[in-house]
Structures are given as C-alpha cells and as structure tokens.
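A look at the structure
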Amino acid sequence: MEVDYKAIGQRIKIARIKKGVTQETVADLIDITPAHMSNVETGKTKVSLPTLIAIANALSVSVDTLLCDNVIASKIVFEKEAKDIFSDCDEYEVRFLRAFFYFELVKRYQNVPLIEKVLTLQEANNVEQASSDVIFKFIISECTEAAKVLPATYAGYKEKETGRITKGAALALKARAALYAASRLFNPNGDKDKWIAAAEAAYEIIGDQTALGYGLDKSFSNLFGPENNKSKEVILARPTGSNNSFEAANFPMGVKGGKTSTCPTENLASAFEMKTGVPFDWNDENMRKNPYEKRDPRFYMTIVHNNMKWPADKNVEIWEGGVNGLPLPNATSTGYYLCKYVNKSISFEPGAPTANAHHNWVLFRYAEVLLNYAEAMVNAYGENGLE
C-alpha cells in the first residue's frame, strides 16, 4: 500500500481554507516557501513528517485528520523517518521530549490519556484519561530520571549539537511542572506539600547553578537576539535557522514586507512600570501626557509604540489615518506592534544588506527558575519564605 500524497495535500488544502488562511501565511508560519506549500497541497512533493506536523499545528488539526485513510500506509514511511530523526538522540532526550509535550497537554486540558506504549487500533479507541495529578507525577518522574543521566553541557560536541537536552533542561521542566501542579488550578485545596515540592524542584537548579553554568544575563536584549542561545540565562532554546518569516509576520503594516500578526494589548503595555518602579497609571495626568516616556527599559524591547523609530529610521504612525494605523487593512487594533524577538536589522527593501537572521525561541530561562522558587516559597511558608 502506497501513501496517497495527493489526498493528503487535498485534506491540507481543505483544512487551510476552513481556517481562512492563505498558502503564503502557512508557509511563513512553518518556515517553508509558498512554492513548497503549493506542491504539498497538490501532491507534487512527498511531505515529510516534520513538515506534516508543523502544518497540522499551524492549521489546528491533528495529523490523523490530514492522513485519514493513509494512516496505515504512512505508518511505515513516517516510522522510518521518525527513527532517522531521533537516531542520534539519547533515550533520555526522547523521554524529556515526551514529558515536555505531556506538560503542554496537561496545562491546556488537565486530564489527558497517558500513553507509554504503542497502541493497537482497538486500544486507542478505548483509551481513558488519566488525572492531571497522575500526568504531573509522570512528568516529574521522567525529568528526575533524565537529570541523573543527561550531561550539564555538550561542550566539545560539534556546533550543530547546540540545543540538545541537558540536565538543566530536565530540571527546569521538572520545576515548571511542579509549580503548575501546586497552583490553584491543579491544587484547589491548597496542599502546601505541593508548594514545598515545587520550591525544592526549583532549588535543584539554583543550588547547582555554578556547575550547570546558569546565571542572569546583564542585558535583557541579549535574550531575544540572533545569538540568545549563547546567553548564560538561557537553559533551552528552539532554533529555527536563518530566516525572515517572523519579521514578515510582525513588521507593522505600512512597512515593506510587513503583514502584522501579534499585537500586544494595553493590559501588557500598562503592566510595565515607570523607570522608578512606580506603577503606570492612565489616571495620572503627567503619565497620561507622555505615556511612553521614562518607562521600564524592557517596555521598549517588547512593544512598538506610537512615534517609535521602528524598524529602521522612520517613526511609526499607529494613530487612525497614520501610515501604520487603521483603516489600513490588517493594521493593529490595539495601538501597538510587537518588538520582542523581531530583528529590526532585517529589511525587505530590494538590495538590503540583511535579509535573514537566526532565531532561537527560548523555552526555559534561569530567571523563570528564580521566580518559580520565589512563588513556591511564598505559598509554602508565607512572606517568611523569602527571607
């Protein structure tokens, strides 16, 4: 039995149309060319497993939905491809990834099936949900075992090995999972033992900080640039290679190549305090007159505001009727554009010197570990927990 790539492509096209997005949009989201996306939909190219998964995620559908009657036939092809992908991974790296994705499931859906073996079709049809408590215990146990085996660093390996799962990554996932398990959402009765366990999990990293090589970066901007994976604060980052799709998706409308995707809200903008540490307040007349002056420096590295020079030497005009504002199609409706992770050196102007840049999405930072620890200690021991 052969895989019917044309049928798979047709289902991808149907799912894309239902979601109301273009081939170009999906291609941008998953870092492939529009031509390749077109070939996938027409079945002219054999879609790879990673690309199929990326498309399914972009379209908010399951891989099974796209495969449909090709599930059995594609199993042989994709099992081999998956084996090749993970061939140079340590067993505990693979177990970490399973735990990581289980965390993504449990934090969204709480009770989910816990699958630890390959299921038959009948078993899959009759699988039952496990409680969130069981899922969290599984994640924490897997991370505990992985941390015993995985190295603190892959120093000495080839550069391409950067980004592999380390002991610190396993402990960071363990600390995050323990904190969620202790939270009111998953711990409605306020069991303090869970908060204590969360604090202890975070301290496993803090207490071994020097050996693990982590610390706070003195420059906030270092955490979101093309070489952020080299920061001592970054525990694990997901590289996507050199591209410009994120800039295309988030440069303001009115900027060459900009399409606008993520627009920060006023809630986020107002959460940034003044440089003095005083909370920002629109009811304060002085603050209201100059709302974007003397704010927390991180504000300017996160949010593009009205009259800010961005991405090059021109001020953005976000007001209604401005060059980058409504009623321009797809212009921001919040009054802000995204700055965080966006590389302003990239330009879509013909002949521009910088057309692409490396992007690494931070999954775990040492700063999060410190905040996890503080939150857990306060909930476990009250304000005395911070002393």
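The following refers to the structure shown. All values derive from a computational prediction rather than experimental measurement. (Residues numbered from 1 in each chain as written. Predicted model: local features only at pLDDT ≥ 70, side-chain atom pairs only at ≥ 80, totals over all residues. Heavy atoms only, no water.)

**Some remarks on the overall build of the chain**
- For the chain, the count of helices and strands is 17 helices and 4 strands.
- Here the C-alpha atoms of the chain give a radius of gyration of 23 Å, agreeing with the 21 Å that 2.2 N^0.38 yields for 387 residues.
- Taking the principal axes of the C-alpha coordinates as reference, the chain spans close to 65 × 60 × 45 Å.
- In the chain, which comprises 387 residues, the share counted as buried stands at 40%.
- Within the chain, contacts between residues at least 6 apart in sequence are counted, and of these 62% link residues at least 24 apart.
- In the form shown here, the chain has an accessible surface area of approximately 21800 Å², with 53% of it arising from carbon and sulfur atoms.
- Side chains of the chain give 44 positive and 48 negative charges; the mean places of these two sets differ by 3 Å. (Helix = DSSP H or I, 4+ residues; strand = E, 2+ residues; numbered from the N terminus. Rg over C-alpha atoms; globule rule 2.2 N^0.38 Å. Buried < 20%, exposed > 50% of the residue type's maximum accessible area, 1.4 Å probe, protein only. Contact = heavy atoms within 4.5 Å. Areas by Shrake-Rupley, 256 points an atom, 1.4 Å probe, with all protein chains shown as cover. Lys, Arg positive; Asp, Glu negative; His and termini not counted. Charge placed at Lys NZ, Arg CZ, Asp CG, Glu CD.)

**Examining helix α1 (residues 5–19)**
- Given a rise of 1.5 Å per residue, 15 residues ought to cover 21 Å, and the 21 Å separating the end C-alpha atoms of α1 matches this to within 8%.
- Taken as a whole, α1 has its buried residues at Tyr 5, Ile 8, Gly 9, Ile 12, Ala 15 and Arg 16. Taken end-on, α1 shows its buried residues confined to a sector of 125°, consistent with a single buried face. Along α1, the residues that are exposed and aim more than 90 degrees away from the buried face are Lys 6, Ile 17 and Lys 18.
- Sitting at the head of α1, Asp 4 places a side-chain oxygen 3.2 Å from the backbone nitrogen of Lys 6.
- Backbone geometry just after α1 places Gly 20 at a positive phi near 75°. (Expected span 1.5 Å × (residues − 1). Arc of directions from axis to C-beta. Polar contact = N/O pair within 3.5 Å; in protein donor to acceptor, adjacent residues only side chain to side chain.)

**Notes on the side chain of Asn 228**
- Mapped onto the secondary structure, Asn 228 falls in the loop between α12 (209–212) and β1 (234–243).
- Among the residues examined, Asn 228 registers a relative accessible area of 0% and is labelled buried.
- Aside from chain neighbours lying at most four places away, what touches Asn 228 is Asn 222, Leu 223, Val 234, Tyr 341, Asn 360 and Val 362.

**Describing helix α10 (residues 167–182)**
- The terminal C-alpha atoms of α10 lie 23 Å apart, and with 16 residues this matches the ideal 22 Å at 1.5 Å per residue to within 8%.
- Most of α10 sits out of view: 14 of its 16 residues are buried.

**Some thoughts on the environment of Ala 172**
- Mapped onto the elements, Ala 172 comes out in helix α10.
- A relative accessible area of 3% places Ala 172 in the buried class.
- When residues no more than four places from it in sequence are discounted, the contact partners of Ala 172 are Ile 205, Ile 235 and Phe 364.

**Considering the nonpolar core**
- Membership of the largest hydrophobic core comes to 48 residues, with the highest contact counts inside it found for Phe 96, Ile 139, Leu 173, Ile 205 and Phe 364.
- For this core, the secondary-structure elements that each account for two or more residues are α7 (91–109), α9 (132–149), α10, α11 (192–206), β1 and α17 (366–381).
- When residues of this core are assigned to their parent elements, the largest contribution, 11 residues, is made by α10.
- Ignoring any residue separated from it by four or fewer positions in sequence, one finds Phe 96 in contact with Ile 165, Ala 169, Ala 170, Leu 173, Leu 236 and Phe 364.
- Of all hydrophobic cores here, the second largest spans 21 residues; its members include Leu 223, Phe 251, Trp 310 and Leu 338. (Core = buried A, V, L, I, M, F, W, Y, C linked by side-chain atoms within 4.5 Å.)

**Regarding the pattern of salt bridges**
- Taken as a whole, this structure holds 19 salt bridges when the rule is applied.
- Here Glu 104 makes a salt bridge to Lys 107, at a shortest N to O gap of 3.4 Å. In this pair, Glu 104 and Lys 107 both sit in helix α7, 3 residues apart, roughly one turn of the helix.
- Glu 104 gets classed as buried once you look at its relative accessible area, which sits at 16%.
- Residue classification places Lys 107 among the partly exposed residues on the basis of a relative accessible area of 29%.
- Between Glu 285 and Lys 289 there is a salt bridge, with its nearest N and O atoms 3.7 Å apart. One end of the pair is Glu 285 and the other is Lys 289, both in helix α15 (residues 285–289) and 4 residues apart, which spans about a single turn.
- A relative accessible area of 47% places Glu 285 in the partly exposed class.
- With a relative accessible area of 56%, Lys 289 lands in the exposed category. (Salt bridge = Lys/Arg side-chain N within 4 Å of Asp/Glu carboxyl O.)

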